[in-house]
Amino acid sequence: MTNTIEDITHDSDVILLCGSNPEEAHPVIGMQVRQAVARGAKLIVVDPREIDLAKKAAIHLKLKPGTNVAFANGMMNVFIEEGLIDKEFIADRTEGFEELAAIVKDYTPEKVGEICHIDPEDLREAARLYAKADRAPIMYCLGVTEHHTGTEGVMSMSNMAMMVGKLGKAGCGVNPIRGQNNVQGACDMGAQPNVYTGYQKVADPAVVEKFEKAWGVDLKHLQPGRMATECFHDMIDGKIKGLFIFGEDPVVTDPDTNHVIKALKSLDFLVVDELFMTETAKYADVILPGRSYLEKEGTFSNTERRVQRVRKAIEIPGTKPDTEIFSLIMQRMGYDQPILTPAEIMDEIASVTPSFAGISHERLDSPEVGGKGLQWPCTAKDHPGTPIMHVGKFARGLGYFYPAKYQPSTQQVSEEYPFIMITGRVLYHYNACAMTARTPEINELSGNSFIEINTEDAQALGIVDGDKVYVSSPHGRIASWARVSGKTSKGEVWMPFHFLDGNSNWLVGDHLDDFSKTPEYKVTAVQVEKATEEKECCQYMEVPNIVRKKKKMAKMF
Amino acid sequence: MIKVTIDGITVEVEQGSTILEAAKVAGVEIPTLCYLKDVTPEASCRMCMVEIEGMPKLVTACSFPAADGNVVHTRTERVVKARRGVLELLMSNHKTDCFSCPQNGMCKLQDLCFEYGVKDVPFEGVEKAIDDSNKFFTYDPNLCILCHRCVNTCQKRTCRGSIDTTQRGFKSVISPAFGMDWADSNCESCGNCVQACPTGALTMKKQKTYRHWDVEKVLTTCPHCATGCQYYVYVKDNRVVDVEAADGPSNRGLLCVKGRSASFDFAQCDERITTPLIKDRETGEFREAGWDEALDLVASKFTELKKTYGGQALAGFACSRSTNEDIYMLQKMTRVAFESNNTDNCARV
């Protein structure tokens, strides 16, 4: 996020919420969006589904999945046509406006209305509301990113904000509401093939040299890395033979489950560092017991780039800190890695990462920080952190208007697969359910797969609320239970991706975004039918037998 | 700015400040029950009554705006007597079986009754039905003082608007619309109302598993979404038994159902793997192994694959749910030991 949760929800006049359902996916942000509406902020919801916040919205653009770029270009068409742009901001702080302006000229509200299945007048009204507001943030989430043109979708968000000068000040900005607790941190920490910590590029020889010096190894000979979604193809092609998975469960969370399973089975050697016998761990050659956040010291970086402390509360006998596991493997593979405490590791991170240079556990625990964390960039021990980015100047110098054109999704309905399926989260669960599903009361509230289907479509298929249905795509078939309502538009269905008893990821193809290699989770063409007879469905592997050293381990608690 | 004198201490506060806010500046504590910071004063409990020189009636400090030159007394005999009367009335329909109340020791009403010497309750109440339908918490109207902290929390802080006062007069209770059960309402079970309750009327079911004075509180960050909510986990005998929201910069004292109620059972359940496991590829069975054996095997297999096919044949995926320190070391291991840039995290899935 360019801004903070507090300023975008407390200092804003209008909120433009695109492809984000914070009430369920980020509930405490959702509560603060509701507070914003209660104090009078106007809400624009851009979402193919009638999420609860749509009821509180001044305008709900219930657009067709996969048409975000067209929507944004339509908004900018209105900004320009109606003289709502911030000329001074564009002239002083950006580049590429003319090229983008020439593109969006064609995206008249009428044309965009046809592409997105929305009323052109609603689009005009949304554009005016957002552009004329003194303070208006864009908040977006996976509804923007999980498309084959997700990167263009994100660029379109920043294009909109720059065109009306809504960046670099409180109550504004372009604010991706990141998914998992430390997904921001995972990217910041260099667990990406093309960057080291703090987005220092692997392609930059000076950076490589710096890390060579810090780590005392030769890194120049390392070949360019591949992204995880590409790696699965490489496993099947025999290019990747050995894989270490730390805490991920791609069999459940990645697209095209059969493809992932095939990839894992192709490996010569798979190691999984995990808390549980997950669907992925079942395919491992070695499972190493990991530790949860309750059993370790450390930090998470939230969606606001705020680094906050994680503190050890309990100890699970038998386990080791994960950092120690990695260090012991490094030692055994010939790299002299000492066993460091998490505080010492953060000091090492700070020493190689300019944007983290001022961050340490000691400082995070100090009265100076006062439990408020530190937001990177935090470039020195006396740097207060950066709540709002791009104030006065963009990180890259001039803000670039990326010339994004709308491209239809790779997934289109056909006679065989007549529905577009969107996937998403529910309030009670998180991702693969490995954590949330171990609270029994949560499962009592929300324990099964379901599929939301439009009332008219359901009637045509003879499906009533609660019916068992089969959902299929070219990648497989699953069973689920119908929820019939007007939440989704006609021809569109929605499924949560949490539940093992009918997981949408069996059906999703692995069409990737050209740049970020993000799968197109939000658009899959599927068939839905009433389950009148037993049909074979995709199944996870049986739980493998475990031969115990001792008879049966005593119950831990 | 205006000048106000509280119990002999003169302070300067902004125009529009309440007596309660001025007292806070003066360092004088005025007892409250219904007062909720950042929310329009309710002034229903009357506990914060104070005396202002020149005014005939006592006023509620939480709602009364301070005026320049006000001379306020917070503990005169008249004030204390009035507060005691308030407590007696609050207790008039309140059970006194504190021993078995989950809130025992954390109850503000109990503390105030102790402080003001309220021992006998000269009134007799009526028994009302308990709503135990929510999976995570219980509402006992017999312990409710109708201070509306829960209602204000639900309506003005979480803005879900699931509950309000229903019925009238002595029959008043807090409930979802039309007297429906809590579980059947639009309540999201976030439990912020429970944390706001100053008595034992709203309690987490988990509170029955520990005593307040037996737990150690550890401040940490929620492991679910990227909001970064701050909370205290309550630890008893190496086991987390409950969670309390902290006033973090992004959550401002609020939590959701997952953070409050589904963020620790998983860590201490029987399904945890606590021993390294090695698979026999022939049978597909795992067997338990020691750490040294497992780590030796991992290192030797990766070394062998690296020697045969090169570092690019290896990959290491990090976990977006783990800590920065873990993730940094995982990518370091992939780069320096595997000699591969094939490292990634689950950001895009």
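Residues numbered from 1 in each chain as written. Chains lettered and ligands numbered in written order. Predicted model: local features only at pLDDT ≥ 70, side-chain atom pairs only at ≥ 80, totals over all residues.

Points about the overall build of chain B
Here comes step 1: The helix and strand inventory of chain B stands at eight helices and 16 strands.
Here comes step 2: For 349 residues, the compact-globule formula gives about 20 Å, and the C-alpha radius of gyration of chain B, at 28 Å, lies well above that figure.
Here comes step 3: For chain B, the C-alpha atoms occupy an extent of roughly 95 × 50 × 35 Å along the three principal directions.
Here comes step 4: Buried positions account for 53% of the 349 residues belonging to chain B. (Helix = DSSP H or I, 4+ residues; strand = E, 2+ residues; numbered from the N terminus. Rg over C-alpha atoms; globule rule 2.2 N^0.38 Å. Buried ≥ 20, exposed ≤ 12 C-beta atoms within 10 Å, placed from the backbone.)

Here's the deal with the overall build of chain A
Here comes step 1: Counting secondary structure elements, chain A contains 20 helices and 20 strands.
Here comes step 2: Expected size for 557 residues packed as a compact globule is a radius of gyration near 24 Å; at 24 Å, chain A falls within 12% of this value.
Here comes step 3: Each principal axis of the C-alpha atoms in chain A carries an extent, and together these give about 70 × 65 × 45 Å.
Here comes step 4: Burial statistics for chain A: of 557 residues in total, 56% are counted as buried.
Here comes step 5: Here the analysis covers contacts within chain A between residues at least 6 apart in sequence; of these, 70% occur between residues at least 24 apart. (Contact = placed C-beta atoms within 7 Å.)

Thoughts on the pairing of strand β8 (residues 269-274) of chain A
All names here are of chain A.
Here comes step 1: Counting buried positions along β8 yields five of six residues, so the element is predominantly enclosed.
Here comes step 2: Inspection of the sheet shows β8 paired to strand β9 (residues 286-289) by four bridges, in the parallel sense. Bridge pairing links Glu274 to Pro289 in β9. (Pairing = 2+ DSSP bridges.)

Considering the environment of B:Gln230
Here comes step 1: Mapped onto the elements, B:Gln230 comes out in strand β11 (residues 230-236).
Here comes step 2: In this structure, the C-alpha to C-alpha distance between B:Gln230 and B:Glu14, residues 216 residues apart in sequence, is 31 Å.
Here comes step 3: Apart from residues lying up to four places away in sequence, B:Gln230 is in contact with A:Gln308, A:Gly371, B:Leu219, B:Thr221, B:Ala246, B:Gly248 and B:Asn251.

Focus: the nonpolar core
Here comes step 1: The biggest cluster of nonpolar side chains holds 182 residues, and the ones touching the most others in it are A:Ile15, A:Leu17, A:Ile44, A:Met75 and A:Met157.
Here comes step 2: Among the elements that make up this core, the one with the highest residue count is helix α4 (residues 68-81) of chain A (eight residues).
Here comes step 3: When neighbours within four sequence positions are excluded, A:Ile15 is seen to be in contact with A:Val33, A:Ala36, A:Ala41, A:Leu43, A:Ala136, A:Pro137 and A:Met139.
Here comes step 4: Formed by 53 residues, the second largest nonpolar core is a distinct cluster that contains B:Leu20, B:Ala22, B:Cys45 and B:Cys147. (Core = buried A, V, L, I, M, F, W, Y, C linked by C-beta atoms within 7 Å.)

Quick notes on the interface of chain B and chain A
Here comes step 1: Contact with chain B, which involves 104 residues of that partner, is made by 132 residues of chain A.
Here comes step 2: For the side of chain B that touches chain A, the element with the highest residue contribution is helix α8 (residues 324-337) of chain B, accounting for 13 residues.
Here comes step 3: A class-by-class count of the residues in the side of chain B that touches chain A yields 53 nonpolar, 29 polar and 22 charged.
Here comes step 4: Judged from the four bridges that link them, strand β7 (residues 242-246) of chain A and strand β15 (residues 314-317) of chain B form a sheet pairing that is parallel. Paired with A:Ile245 across the bridge in β15(B) is B:Phe317. (Nonpolar A, V, L, I, M, F, W, Y, C, P; charged D, E, K, R; others polar.)

Re the packing of helix α13 (residues 228-236) of chain A against helix α15 (residues 257-266) of chain A
Residue and element names in this part refer to chain A.
Here comes step 1: Direction vectors running N to C along α13 and α15 enclose 55 degrees, while the axes themselves pass 8 Å from each other. Judged by the angle between their axes, α13 and α15 are oblique. Here α13 and α15 pass one another in a crossing that is left-handed. On the side of α13, the interface is formed by Phe232, Met235 and Ile236, while α15 contributes His259, Val260, Lys262, Ala263 and Ser266. (Axes fitted to C-alpha atoms, helices over the stretch in contact; angles between N-to-C directions. Parallel < 35°, antiparallel > 145°, perpendicular 65-115°, else oblique. Left-handed = near helix turned anticlockwise from the far one by under 90°.)

Focus: the packing of α4(A) against helix α10 (residues 150-163) of chain A
Residues and elements named next belong to chain A.
Here comes step 1: At their nearest, the axes of α4 and α10 sit 9 Å apart, and the two run at 15 degrees to each other. Compared by their axis directions, α4 and α10 come out roughly parallel. Both α4 and α10 take part in a crossing whose hand is left-handed. Residue-level contacts link Asn68, Val69, Ala72, Asn73, Met75, Met76 and Phe79 of α4 to Glu152, Gly153, Ser156, Met157, Asn159, Met160 and Met163 of α10.
Here comes step 2: Split into classes, the residues belonging to the contact of α4 with α10 amount to eight nonpolar, five polar and one charged.

Overview of the sheet that holds strand β6 (residues 174-176) of chain A
Residue and element names in this part refer to chain A.
Here comes step 1: Taken in spatial order, the five strands of this open sheet run β3-β2-β1-β5-β6, and their pairing is parallel. Whereas interior strands pair on both sides, the edge strands pair on one side only; in this sheet they are β3 (59-61) and β6. Each strand of the sheet is rotated relative to its neighbour by a mean of 15 degrees, with strand direction disregarded.
Here comes step 2: Across three bridges, the pairing between strand β1 (residues 14-18) and strand β5 (residues 138-140) is parallel.

Overview of the domain arrangement of chain A
Here comes step 1: Its domain assignment divides chain A into domain 1 (5-177), domain 2 (183-375) and domain 3 (419-530).
Here comes step 2: Using only C-alpha atoms to locate each centre, domain 1 of chain A and domain 2 of chain A end up separated by 34 Å. (Domains from an automatic or database assignment.)

A few points about the sheet that holds strand β10 (residues 298-301) of chain A
Residues and elements named next belong to chain A.
Here comes step 1: Read from one edge of the open sheet, three strands run β10-β11-β12, paired in antiparallel fashion. Each having just a single partner strand, β10 and β12 (374-375) make up the two edges of the open sheet.
Here comes step 2: Pairing between strand β11 (residues 306-310) and β12: two bridges, direction antiparallel. Paired with Val307 across the two strands is Leu374, which belongs to β12.

Brief notes about unusual backbone geometry
Here comes step 1: Here A:Trp376 and A:Pro377 are connected by a cis peptide whose omega angle stands at 0 degrees.
Here comes step 2: By the element assignment, A:Pro377 lies in the loop between β12 and β13 (399-400).
Here comes step 3: A positive phi angle is found at B:Ser189, which is not glycine, with a value near 60 degrees.
Here comes step 4: Structurally, B:Ser189 can be placed in the loop between β8 (173-176) and α5 (192-196).
Here comes step 5: Classification of B:Ser189 as buried rests on a count of 24 C-beta atoms within 10 Å.

Things to note about the domain arrangement of chain B
Many authors give the size of an interface as the accessible area that is lost as the parts come together.
Here comes step 1: Its domain assignment divides chain B into domain 1 (2-75), domain 2 (210-272) and domain 3 (277-348).
Here comes step 2: A separation of 35 Å is found between the C-alpha centroids of domain 1 of chain B and domain 2 of chain B.

Looking at the pairing of β7(A)
Residues and elements named next belong to chain A.
Here comes step 1: Where burial is concerned, most of β7 is hidden: five out of the five residues are buried.
Here comes step 2: With five bridges connecting them, β7 and β8 associate as parallel partners. Of the residues in β8, the one forming a bridge with Gly242 is Phe269.

Description of the environment of A:Val112
Here comes step 1: Structurally, A:Val112 can be placed in helix α7 (residues 109-116).
Here comes step 2: Here the alpha-carbon distance between A:Val112 and A:Ser301, two residues 189 residues apart in the chain, equals 37 Å.

Examining α13(A)
Here comes step 1: Buried within α13(A) we find A:Ala228, A:Thr229, A:Cys231, A:Phe232 and A:Met235. Take α13(A) and look down its axis: the buried residues cluster within an arc of 155 degrees, on one side only.
Here comes step 2: Summarising the contacts, the buried residues of α13(A) are in contact with α15 of chain A together with β15 and β16 (343-344) of chain B.
Here comes step 3: Count one or two residues on from α13(A) and you reach A:Gly238, which has phi positive near 80 degrees. (Arc of directions from axis to C-beta.)

Section: the environment of A:Asn443
Residues and elements named next belong to chain A.
Here comes step 1: As for its position among the elements, Asn443 is in helix α19 (residues 440-445).
Here comes step 2: On the basis of neighbour count, Asn443 is assigned to the partly exposed category, with 18 C-beta atoms found within 10 Å.
Here comes step 3: Along the chain, Asn443 and Gly165 lie 278 residues apart, while their C-alpha atoms are 46 Å from each other.

Looking at the confidence of the model for chain B
Here comes step 1: Looking at chain B as a whole, its pLDDT mean stands at 95, while 100% of the residues score no less than 70.
Here comes step 2: Among the scores for the predicted complex, ipTM is 0.95 and pTM is 0.95. (pLDDT = per-residue confidence, 0-100.)

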